[in-house]
Amino acid sequence: MNDSSPASPAVPVLDVWCELQCPDCLSALDDVRALRARYGDRLELRLRHFPLEKHKHAFAAAQAAEEAAEQGKGWEYVEAVLGRVEELDRRGESLLVDVAGELGLDAEEFDTALIDGRHILIVDADQAEGKAIGVTGTPTYVVGGERLDGGKSQEGLRERVEEIVDRLLAGPDA
């Protein structure tokens, strides 16, 4: 999912491999918010889906996030669902539809999208790409060709992402 406009070649891309039923991804939200605040439109931030098998509602949540993006509130939806990780574990898809309604999205369309699977290919493609580049857990960041795994520890990750982005923004002559 990518809520930002296409980036020019000078704008670095930060792929955030995430899973919406992952408590570590919830913890990483503060770092993601800080990075968005610090860089604004000088950094393209892209949510990439990597549903883990151990979380039974993660695949549906990834599809729902794509529907939210299609309806114009992708990141708001992601943050709202991550804020209710434990509830998602208990309620599953009904929570995904309820969150859509709470955000003023077309909840009925969410329900339909989860049934008809219109976003499955996007989620599958993200997951396949993640596996191909060595993503094994979430959150994982990829920026400037470097993969940073936050699934085991997030300590120092934001600072490392900032170092890489600052270097990329400074250009090859810096």
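Residues numbered from 1 in each chain as written. Predicted model: local features only at pLDDT ≥ 70, side-chain atom pairs only at ≥ 80, totals over all residues. Heavy atoms only, no water.

**Q** Sorry, what's going on with the overall build of the protein chain here?
**A** Within the protein chain one finds eight helices and four strands. Counted over contacts in the protein chain with a minimum sequence separation of 6, partners at least 24 positions apart contribute 72%. In the structure as shown, the protein chain presents an accessible area of about 8500 Å², 48% of it carried by carbon and sulfur atoms. Each charge sign in the protein chain was given a centre, from 19 positive and 36 negative side chains, and these centres are 4 Å apart. (Helix = DSSP H or I, 4+ residues; strand = E, 2+ residues; numbered from the N terminus. Contact = heavy atoms within 4.5 Å. Areas by Shrake-Rupley, 256 points an atom, 1.4 Å probe, with all protein chains shown as cover. Lys, Arg positive; Asp, Glu negative; His and termini not counted. Charge placed at Lys NZ, Arg CZ, Asp CG, Glu CD.)

**Q** Teacher, can you tell me more about the sheet that holds strand 3 (residues 140-143) here?
**A** Working definition: the strands of a sheet are paired by backbone hydrogen bonds and lie parallel or antiparallel to each other. Taken together, four strands build an open sheet; the order of strands is 2-1-3-4 and the sheet is mixed. Two strands close off the open sheet at either side, each with one partner strand: strand 2 (44-49) and strand 4 (146-149). Taken pair by pair, the neighbouring strands of this sheet meet at an average axis angle of 20 degrees, ignoring direction. Examined bridge by bridge, strand 3 and strand 4 share four bridges and lie antiparallel to one another. Looking across to strand 4, one finds that Thr-140 is bridged to Asp-149. (Pairing = 2+ DSSP bridges. Axes fitted to C-alpha atoms, helices over the stretch in contact; angles between N-to-C directions.)

**Q** Hey, could you run me through a negative patch on the surface in this one?
**A** Together, Glu-93, Asp-106, Glu-108 and Asp-111 give the surface a local cluster of negative charge. Judged by its relative accessible area of 38%, Asp-111 falls in the partly exposed class. (Patch = residues over 30% accessible without salt bridge, like charges linked within 9 Å, V, L, I, M, F, W, Y side chains within 5 Å. Salt bridge = Lys/Arg side-chain N within 4 Å of Asp/Glu carboxyl O. Buried < 20%, exposed > 50% of the residue type's maximum accessible area, 1.4 Å probe, protein only.)

**Q** Explain the pattern of salt bridges here, please?
**A** Within the structure shown, the criterion is met by 19 salt bridges. Between Arg-33 and Asp-30 there is a salt bridge, with the nearest N and O atoms lying 3.2 Å from each other. Within this pair, Arg-33 and its partner Asp-30 are both found in helix 1 (residues 23-39), separated by three residues, close to a single helical turn. A relative accessible area of 35% places Arg-33 in the partly exposed class. For Asp-30, a relative accessible area of 52% corresponds to the exposed category.

**Q** Would you take a moment to explain unusual backbone geometry for this structure?
**A** Keep in mind that most residues, glycine aside, have a negative phi and that most peptide bonds are trans. In this model, Thr-138 is joined to Pro-139 through a cis peptide bond whose omega is -5 degrees. Along the chain, Pro-139 falls in the loop between helix 7 (120-132) and strand 3.

**Q** Please explain the nonpolar core as it appears in this structure.
**A** Here is a general trend for soluble globular proteins: nonpolar side chains tend to be buried in one another's company. Counting residues in each nonpolar core, the largest one holds 41 residues, and the members touching the most others are Leu-14, Tyr-77, Leu-96 and Tyr-141. If you tally residues by element for this core, the top one is helix 1, at six residues. Residues in contact with Tyr-141, not counting those within four places in the same chain, are Leu-14, Asp-15, Val-16, Ala-28, Asp-31, Val-32, Glu-146, Arg-147, Leu-148, Leu-157 and Val-161. Counting residues in each nonpolar core, the second largest holds five residues, with Trp-17, Phe-50, Val-135 and Val-142 among its members. (Core = buried A, V, L, I, M, F, W, Y, C linked by side-chain atoms within 4.5 Å.)

**Q** Would you explain the environment of Glu-86 in this entry?
**A** Among the secondary structure elements, Glu-86 is positioned in helix 4 (residues 85-91). On the basis of relative accessibility, which here comes to 64%, the residue Glu-86 falls in the exposed class.

**Q** Please clarify how the pairing of strand 3 should be interpreted in this entry.
**A** Put simply, side chains in a regular strand alternate between the two faces of the sheet. Going residue by residue along strand 3, you find Thr-140 and Val-142 tucked away on one face and Tyr-141 and Val-143 tucked away on the opposite face as well. Strand direction decides the pairing type here: strand 1 (residues 13-18) and strand 3, joined by four bridges, are antiparallel. In the strand pairing of strand 3, Trp-17 is matched with Thr-140. Two successive antiparallel strands, strand 3 and strand 4, enclose a turn made up of two residues, where Gly-144 displays a positive phi of approximately 55 degrees.

**Q** I'm lost on helix 6 (residues 107-116) in this one. Help?
**A** Because an α-helix packs 3.6 residues into every turn, residues spaced three or four apart end up facing the same way. Taken together, the buried positions of helix 6 are Phe-110, Ala-113 and Leu-114. Along the axis of helix 6, the buried positions cluster into a sector of 95 degrees, meaning they face one direction only. Within helix 6, the exposed residues directed more than 90 degrees away from the buried face are Glu-108 and Ile-115. Those residues of helix 6 that are buried lie in contact with helix 2 (58-70), helix 3 (74-82) and helix 5 (93-102). At the N-terminal end of helix 6, a side-chain oxygen is found 3.2 Å from the backbone nitrogen of Glu-108, two or three residues along, and the residue is Asp-106. Note on helix 6: the residue one or two positions beyond its end, Gly-117, has a positive phi of about 70 degrees. (Arc of directions from axis to C-beta. Polar contact = N/O pair within 3.5 Å; in protein donor to acceptor, adjacent residues only side chain to side chain.)

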